[in-house]
Every structure is written in C-alpha cells, then in structure tokens.
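# Structural overview for review
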Amino acid sequence: MKISKEEVFHVAKLARLNLTDSEAEKLSIDMESIIGFADKLNELDTEGVVPTAHAIPVSNAFREDEVVPSYENELIIQNAPHAEDGCFVVPRVVE
Amino acid sequence: MNYETVIGLEIHAELATKTKIYCGCKNEFGGEPNTHTCPVCTGMPGSLPVLNKKVVDYAICAGLAMNCEITRYGKQDRKNYFYPDLPKAYQISQFDLPVCHDGYVDIEVDGKTKRIGITRIHIEEDAGKLIHDDYSGTSLVDYNRCGVPLIEIVTEPDIRSSEEAKIFLDTLKSILEYTEVSDCKMQEGSLRCDVNVSIRPEGETEFGTRCEMKNVNSFSAAVRSMDYEVKRQIEIVEAGGEIVQETRRWDDTKGVSVLMRTKEDAHDYRYFPEPDLLPIIISDEWIEAVRSRLPELPAERRARYINEYGLTEYDASVITTSKKTSDYFEECVKSGCDPKSASNWLMGDITRYLNEKELEPSDIPFTAKQLASLLSLIQKGTISNSAAKKVLVKMFEEPDDPEKLVEKLGLVQVSDEGALKQMVDDVLAANPQSIVDYKAGRDRAIGFLVGQIMKASKGKANPQMINKLLKEALDNM
C-alpha cells in the first residue's frame, strides 16, 4: 500500500509531531513497508473468525466500589511543570 | 415547502457510584481542586486502571430499563485526542462492543405512545475541568471529575420535533432517577446532551445532512438549540444552499450556534482495544441478578396511579416524572391522604412554591405525614381551603405540624352558627344596595356579599355555612 507524504503529515499532526520534508519522505517509505508487512495478513482467510481484541484468555478483572484515600494535592501536582491554586497550569486552549 | 425535522441525541449521564471508574478516588461533585485524584486518574506513567464492577452493573441496569440487548462479550477501547482535560491523551471508552445495544424508550406525545430507538449504551470516563484565565493566557486544570464513570446513551434518529426531544429527555431522566443509576443533578452537570439535527422535505425518506450541536447544558437549552438549528437549515435550503456536515457550539446566552469544525477536520480518534483492561464477559446470572433488582419504572407507576388511585392520565404522568415527587405522593397516600387531593396539592401549590423559589421536590422541608394532616384538617372543616394555602406557605418557611401552625396563625375556621349569623347581619346592614340587587334577580350580588363576610372574618368563616345563612337571611327579608 502506498503511503503518501500527506498521510505521513496527517498522522504526525495527530501525534503532535513536527516533521521536516525530508523526514516525512523517509517515513513514507518506512511506513509503506510496515503497512505492507501487515497487509500480508490480509492474505489469510479469516472468514468466521471473531476479531481478537485481547490475546490472553482472561476476563472480568474488577474492583469493588470502595473508596480508597486519594493523594494529597501537593503530591499530585509536584510533577507539574507549572501549578497554581492546586491546579495544573497549561497554555490556554479553547476548542 | 414543508420540512420534517429529524433529531438524534447523545446523552452522557454520570453514574451514582461511590468511586471513580478505574480507581478508588471519590466520585463526588466539587471539592478543592485535585484532591479527589491519584496517579491513575491523573494519568501518571506506570499506573494501571481497574474497572469498577458497579459501573458495569449500572450500565446493565440502564440497558434493561431501556429494553436493550446486553452484550455478552464486551471490551473497552482507547479514543485518542489531545486536550488537557484528559491527562492520558486518550479517553477510555467503548467502540464496537458497548455494554448495551438495540433498545427503546416509549414516550407519550399528545396522548399517543411513540417509540424512540436506543442504538447503544456504553461506559466511559469523564474528563477533568478547565478553568480559563483570559488575563494570563493560561488554563488551570482540575482532575477531580476525571475518571468519573459515565454512560453514553445514543438514540436512533427517531425524534421528529424539539417537543418530542424534550419529552424524551424528561422520560430518560426519570428512568435514570428511578433506577438510581444517576442522580441526574443538572446544575452539577450529571446529565449532558449532544444534539444531532437534520431536515428533509416532507415525504422524503432519505435523511438530510446532519449537524451536531455541542455545549448544550440543560434540556431547555437543548430545545432552543434544536429550534435554532432547524430554522438555520431551512433558511440555507430555501436560499438554494446546501447543508454542510459540521459540529457547532451552542451559545445559550446569545441564542445562537457557531461553527466549531467541519467534516474535513473532524476528529480522527484512532480507536483501538484498551490493552490495560480485560474483556468484560456478562453472564445470564449477572443480567438476571440486575433484573431482579429493577424497581418499578415510571411508566408502570403511571399505569398504577390511573388504575388504583383513579388519577387522570395527565396527573399521573406529572406526579411520576420525578421519583422524589412520586415517592412523596406514595407516602402521603400511605399516611391516609385521599390520592386525588394529594396529587392536586403536589401539582398545584407545592409545585408552584418550589418553582418560584427554584427548589427541587427533594427540598420539601415537611414530611408527607405533615401534609396528610393538613389535608385532613381541610376535610374535617377545621380550616378552609384558602387558610390551608397559608398554612402550607408557613410549612415551607417554618416546618412544623400543621395543627400547631393553624393555631399560631389563628386560622381555625369559624363554624359557630351564632357568630356567623352576626357577621351576616352586619354585612347585610352595611350593604342595602346588594339586597335590592339580589331581590331584582342579580345573582352576582350574593358573591359580593360572601366576599365581604369572608373579608370581615379574615378568611376564617366556614364558606358553606356562610352561603347557607346568607341565603336564609335574604329570603326572609
């Protein structure tokens, strides 16, 4: 499958990556071979096979609805590059 | 040309669990910022989510109450997007195997039952809250709400007007309240909805291009946004234009919607199965256990009120819309109230008082037993109906037994024949013209005289006795 440079830029944008033109060029070739490899799986006949979401045969790991003490505010925000009034501070984003 | 409106809704309801969906932090509204948080719900690297079993329980419960199929083998998926209210840069949701699918909710429109299809109900986590600071150009993030469990209910495009949508939303809200899946506190954002609207020429069977409306914060705002959108789309079509699929933001203060994004820059969420969580397998036993705990639902209660208590269909549906009101009504009846007068008082003076003060039925400060004694005071003739209305207001202001309040307010009805006769004679003596009018066959004169006597007695005279005594006095003249 052919991967165009535009598709590379689109995927990069979704992952918030800045690529130069030459990087995108190289990635389009790399991604083409990766997708091409996955494409090989399409040769298999999967008629009647349920799509696999999880590879191990384990299910239903639950917790009971019981309160566990939360972390102190200071502890939670200590990793924040910027904090104010007990909150994480981020550049203003309005969708 | 006439157009048909087509509406589909997506409703997010916060679940009434004690804890969040993937960690043991409290699921509680408010609190100091980032105090109901831990490494899991703030998306710290290396932390792992564990699903709260109650969340699945509630989703199954909502699904059964909405006549859905329950998915036996389900899973959770990552929905990827960057926004700082979501610290992991993805939301854990469900993509192709939601807990419930293919159900319906029946609503009553103009006395007819209409069926609205439920496409699916899935579980997911809520995002945090952003506080924008215009001055510094930054946003503050509070993750207390992040990881609060939600169900998203998606309807089929079966709704044909904003009125139907409003009825559907009210019906849905009562189902969620009755099943106690969500506390449905609108002002706390426990229930939010996105609206999809399209129009098509009447008689057309293909759907038109739809637009989605975000940021709709109340049911009344939802109705306004739909009406606005229908008008906007008709204007475009009438002017020879074409509807473009887009997402719009509803601004309820200005009463307009503005473009957020078009189809070209629609989100590309790249869903994939959540590798940190295991599949959810729901057995028959689990479903039956939830089914056995399902309470009486609003539609069943409505039918019972009509059949057992003889309420009108309208009264029965008003009373059953809110679980709180309905529970209160049941308690009144249990305390010996006549169902019809209990429903009249609840729907009349009590609802009016609550609306005026912007209160909820759960804010009624007196017990159903106290309301029952008030109604029995009227029935026994101790107080008049109009005096009872005054006592009711007092019961809201200074909740106490109505007997005490009646005494305090001096509202005991005067039924003493001698005292009443004196009042009748005094008023007749003061209004000779009314006597002439009455003799001339003008019946209105009697109403005026009764009014004067009631006024003289400060509303305490027994009206039935006044009528009788007045008639006697006039006829003897």
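The structure under discussion appears in the preceding block.
First things first, this report covers the structure right here in the doc. Here the residue numbering is sequential within each chain, running from 1 through the sequence in written order. Just so you know, chain letters begin at A and ligand numbers begin at 1, following the order they were written in. Predicted model: local features are reported for residues with pLDDT of at least 70 only, side-chain atom pairs are reported and counted for 80 or more only, and whole-chain, interface and lining totals are derived from all residues. The side-chain figures draw on all heavy atoms in the structure; neither hydrogens nor water molecules are used.

## Describing the packing of helix α9 (residues 368–379) of chain B against helix α10 (residues 385–397) of chain B
Residue and element names in this part refer to chain B. α10 packs onto α9 with a crossing angle of 160 degrees between their chain directions and a minimal axis gap of 10 Å. When the axis of α9 is compared with that of α10, the two are roughly antiparallel. The element α9 and its partner α10 pack so that their crossing is right-handed. Only Asn 385, Ala 388, Val 391, Leu 392 and Met 395 of α10 make contact with α9, whose side of the interface consists of Gln 370, Leu 371, Leu 374 and Ile 378. Amino acid classes used here: Ala, Val, Leu, Ile, Met, Phe, Trp, Tyr, Cys and Pro are nonpolar; Asp, Glu, Lys and Arg are charged; the rest, including Gly, are polar. Taken together, the residues of the contact of α9 with α10 sort by class into 7 nonpolar, 2 polar and no charged. The convention used is that axes are lines fitted to C-alpha atoms, helices contributing only their stretch in contact, and that angles between N-to-C directions extend from 0 to 180 degrees. Strands here mean DSSP runs of E at least two residues long; helices mean DSSP runs of H or I at least four residues long; both are numbered from the N terminus. Oblique is the label for any angle not under 35 degrees, not over 145, and not in the 65 to 115 range, which are roughly parallel, roughly antiparallel and roughly perpendicular in turn. Should the near helix be turned anticlockwise from the far one by less than a right angle, the crossing is termed left-handed; should it be turned clockwise, right-handed. By definition, residues are in contact when any of their heavy atoms lie within 4.5 Å.

## Re the packing of aromatic side chains
All names here are of chain B. Two rings from Phe, Tyr or Trp (for Trp, the six-membered ring) form a pair when their centres sit within 6.5 Å of each other. Planes less than 30 degrees apart are called stacked, planes more than 60 degrees apart edge-to-face, and all others tilted. With the rule as written, the count across this model stands at 11 aromatic pairs over all chains. Joined through ring pairs, the aromatic side chains of Tyr 81, Phe 95, Tyr 269 and Tyr 271 make up one cluster. The ring of Tyr 269 is capped by Lys 79, whose NZ or CZ atom sits 4.5 Å from the centre of that ring. Above the ring of Tyr 104, the side-chain terminus of Arg 115 is found at 3.6 Å from the ring centroid. Here, a charge over a ring means that NZ of Lys or CZ of Arg falls within 6 Å of the ring centre while also lying within 35 degrees of the ring normal.

## Description of the pattern of salt bridges
All names here are of chain B. Put simply, a salt bridge is a Lys or Arg side-chain nitrogen that is within 4 Å of an Asp or Glu carboxyl oxygen. Taken as a whole, this structure holds 45 salt bridges over all chains when the rule is applied. With a shortest N-O distance of 2.5 Å, Asp 77 and Lys 75 are connected by a salt bridge. In this structure, Asp 77 and Lys 75 share a single accessibility class: buried. With a closest N to O distance of 4.0 Å, Lys 404 and Asp 400 form a salt bridge. Only protein chains enter the accessibility calculation, which uses a 1.4 Å probe; a residue whose area is less than 20% of its type maximum is buried, one above 50% is exposed, and one in between is partly exposed. Its relative accessible area of 25% is what places Asp 400 among the partly exposed residues. If you follow the salt bridges from partner to partner, you end up with Glu 180, Glu 296, Arg 301, Arg 304, Glu 308, Lys 323, Asp 327 and Glu 330 in one network.

## Remarks on a nonpolar patch on the surface
The patches reported here contain residues having more than 30% relative accessible area and no salt bridge. Joining distances are 9 Å for like charges and 5 Å for nonpolar side chains (Val, Leu, Ile, Met, Phe, Trp, Tyr). Per-residue accessibility takes into account occlusion by the displayed protein chains alone, with areas from the Shrake-Rupley method and a 1.4 Å probe. Residues Met 1, Ile 34 and Ile 35 of chain A make up a contiguous nonpolar surface patch of roughly 300 Å² in combined accessible area. Structurally, Ile 35 of chain A can be placed in helix α2 (residues 21–39).

## With respect to the side chain of Glu 330 of chain B
Residues and elements named next belong to chain B. By the element assignment, Glu 330 lies in helix α7 (residues 323–334). Judged by its relative accessible area of 16%, Glu 330 is buried. Ignoring any residue separated from it by four or fewer positions in sequence, one finds Glu 330 in contact with Arg 301, Arg 304 and Tyr 305.

## Here's the deal with the interface of chain A and chain B
Opposite the 36 residues of chain A that make contact, chain B presents 54 residues. In total, about 3900 Å² of surface goes out of reach between chain A and chain B, with carbon and sulfur atoms giving 60% of it. For the pair chain A and chain B, the interface holds 0 salt bridges. Counting residues per element, the ones that place at least two in the side of chain A that touches chain B are α1 (5–14), β1 (62–63), α3 (73–77) and β3 (87–91) of chain A. Sorting elements by how many residues they give to the side of chain A that touches chain B places β3 of chain A first, with 5 residues. When the residues that make up the side of chain A that touches chain B are grouped by side-chain class, the tally is 19 nonpolar, 8 polar and 9 charged. Two strands are said to pair when DSSP picks up at least two bridges between them. In this structure, β3 of chain A lies alongside strand β10 (residues 138–142) of chain B, joined through 4 bridges in antiparallel fashion. By the bridge assignment, Phe 88 of chain A is partnered in β10 of chain B with Val 141 of chain B. Two parts lose some accessible area (1.4 Å probe) when they are put together, and adding that loss for both gives the buried area.

On their own, these measurements won't tell you what the molecule is for.
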